[in-house]
Amino acid sequence: MIQTVGRDDVKTLGDITYFEAPPLKALGVVNHAFCTKSGGFSQGMYSSPNSGSAKAEEHARLANTFGFEPQRLITMDQVHGDRIRIMDKPLIPLRPFSNCRSDALLTDQPDIAIGVLTADCVPILLVDPKRPVIGIIHAGWRGTLLGIAQKAIHKMTHHFGTHPGDLFVAIGPSIGECCYEVDEAVMGLVCSSGWNWQAFSRRKGMGKWVLNLARANIDQMRDRGMRDEKCCWIRVCTRCNTDILFSYRAEGPATGEQISFIQLRGDIDRV
Ligand SMILES: [Zn+2]
């Protein structure tokens, strides 16, 4: 059975409130958090002339709170595609805030914290504690239709030798089926994708459907061998909880993005 975490389980460290997945924490090999608005990045930070320094400050605050060096946090230029970047070498030279165009990152390097920014889309963390190797995924509806979560597991298996049954998975806060309405144009693409859409969508009225993106991703990963008892779902809808979470659907383009990150702890003996 999949373990779920609710809104009341929110944690606080310093001035950052965040959610965590108890099964990932219990492994003892990773640091991770799904931050709320308090650890996030508002859109203004990217568009203002001082965006670089504001972003740097946010990275530093996050890194200091969770105990890693700010320059070791890698986020992505997310493009709603299915490109997966592998980082299997130490970061040399260290480049602050280096970004890469992809929607998933995999690494076995203990000195790299990998992060994803979301405001309705589904953030997913992967941990294979046996290799050990970690991954992070950004899955909106486009990425879900492209099967990005399945592809990330496939790549982990081929590149790092992960057995999917060993994987621990955490799904962060995202827009829920209570709120994720799509129109006929999107639903047409969903239906023609070959994806098992019937289980994860519901007709809501003329020309309107609702999708359950998190469940769709869970199902895709299950198909690749993920085991339910190793899966944890932070079942908190971004659109229903805008007091603590950014939501593009609720707040529009002026909203920000919350960051989720994961890092392999460097103080663990390699097997
Ligand atoms: Zn909702």
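Here goes a summary of the coordinates provided. (Residues numbered from 1 in each chain as written. Predicted model: local features only at pLDDT ≥ 70, side-chain atom pairs only at ≥ 80, totals over all residues.)

## A closer look at the overall build of the chain
We count it as follows: Helix and strand definitions follow DSSP, with helices as H or I runs of at least four residues and strands as E runs of at least two, each counted in order from the N terminus. As defined in this context, the radius of gyration uses C-alpha atoms, and a globule is described by 2.2 Å times the residue total to the power 0.38. Throughout, a pair of residues is in contact if the C-beta atoms placed from their backbones lie within 7 Å.
Check the secondary structure of the chain and you find eight helices and 17 strands. Radius of gyration (C-alpha) of the chain: 18 Å, near the 18 Å computed for a compact globule of 271 residues. Projecting the C-alpha coordinates of the chain onto the three principal axes gives extents of approximately 55 × 45 × 35 Å. The contacts in the chain between residues at least 6 apart in sequence include a share of 69% that link residues at least 24 apart.

## Side note on the pairing of strand S17 (residues 258-264)
For the record, the criterion: In this scheme every C-beta is placed from the backbone, and a residue whose C-beta has 20 or more other C-beta atoms within 10 Å is buried, one with 12 or fewer is exposed, and one in between is partly exposed. Pairing between two strands requires that DSSP report at least two bridges joining them.
Among the seven residues of S17, seven are classified as buried, and the element is accordingly described as predominantly covered. Bridge count between strand S4 (residues 30-35) and S17: five bridges; the pairing is antiparallel. By the bridge assignment, valine 30 is partnered in S17 with leucine 264.

## Here's the deal with the sheet that holds strand S1 (residues 3-5)
The condition that has to hold: Between N-to-C directions, angles cover 0 to 180 degrees, with each direction set by a line fitted to C-alpha atoms, over the stretch in contact for helices.
As summarised here, the arrangement of the seven strands in space is S1-S16-S12-S10-S11-S8-S6, forming an open sheet in which the pairing is mixed. Among the strands making up the open sheet, the edge pair consists of S1 and strand S6 (84-87). Ignoring strand direction, the axes of neighbouring strands in this sheet form an average angle of 15°. Contacts from helix H5 (residues 148-160) reach S6, strand S8 (104-107), strand S10 (122-128) and strand S11 (133-139) within the one sheet, and its direction differs from that of S11 by about 160°.

## Some points on the sheet that holds strand S15 (residues 208-211)
Pairing within the open sheet is antiparallel, and its three strands lie in the order S13-S15-S14. The sheet terminates laterally at strand S13 (181-182) and strand S14 (201-205), the two strands that pair on one side only.

## Some details on helix H7 (residues 213-223)
Among the residues of H7, those classed as buried are Leu213, Ala214, Ala216, Asn217, Ile218, Gln220 and Met221. Once H7 ends, the next one or two residues include glycine 225, with phi positive near 110°.

## Quick notes on the nonpolar core
To keep things clear, this is the line we draw: Think of a nonpolar core as buried Ala, Val, Leu, Ile, Met, Phe, Trp, Tyr and Cys residues chained together by C-beta atoms that fall within 7 Å.
Ile114, Ile124, Leu126, Ala152, Val169, Ile171 and Leu213 are the most contacted members of the largest nonpolar core, which totals 70 residues. The contact partners of valine 169, leaving out residues within four places of it in the chain, are Ile124, Leu126, Met221, Met226, Lys230 and Cys231.

## Quick word on unusual backbone geometry
Following arginine 131, the chain continues to proline 132 via a peptide bond in cis, the omega torsion being -10°. Here proline 132 shows up in the loop between S10 and S11.

## Remarks on the pairing of strand S16 (residues 231-234)
Residues Cys231 and Trp233 point to one face of S16 and Cys232 and Ile234 to the other, with burial holding for every one of them. Alignment of strand S12 (residues 168-171) against S16, held across three bridges, turns out to be parallel. By the bridge assignment, isoleucine 171 is partnered in S16 with tryptophan 233.

## Observations concerning the packing of H5 against H7
Worth spelling out the cut-off: Note on terminology: angles under 35 degrees are roughly parallel, angles over 145 are roughly antiparallel, angles of 65 to 115 are roughly perpendicular, and the others are oblique. Crossings are assigned a handedness: left-handed for a near helix turned anticlockwise from the far helix by less than a right angle, right-handed for a clockwise turn. Each residue is assigned to one of three groups, with Ala, Val, Leu, Ile, Met, Phe, Trp, Tyr, Cys and Pro labelled nonpolar, Asp, Glu, Lys and Arg labelled charged, and all others, Gly among them, labelled polar.
Taken N-terminus to C-terminus, the directions of H5 and H7 make an angle of 30°; their axes are 8 Å apart at the nearest point. In terms of orientation, H5 and H7 fall into the roughly parallel class. For the crossing formed where H5 meets H7, the hand is right-handed. Contacts from Ala149, Gln150 and Ile153 in H5 reach Asn217, Gln220, Met221 and Asp223 in H7. Residues that form the contact of H5 with H7 fall into these classes: three nonpolar, three polar and one charged.

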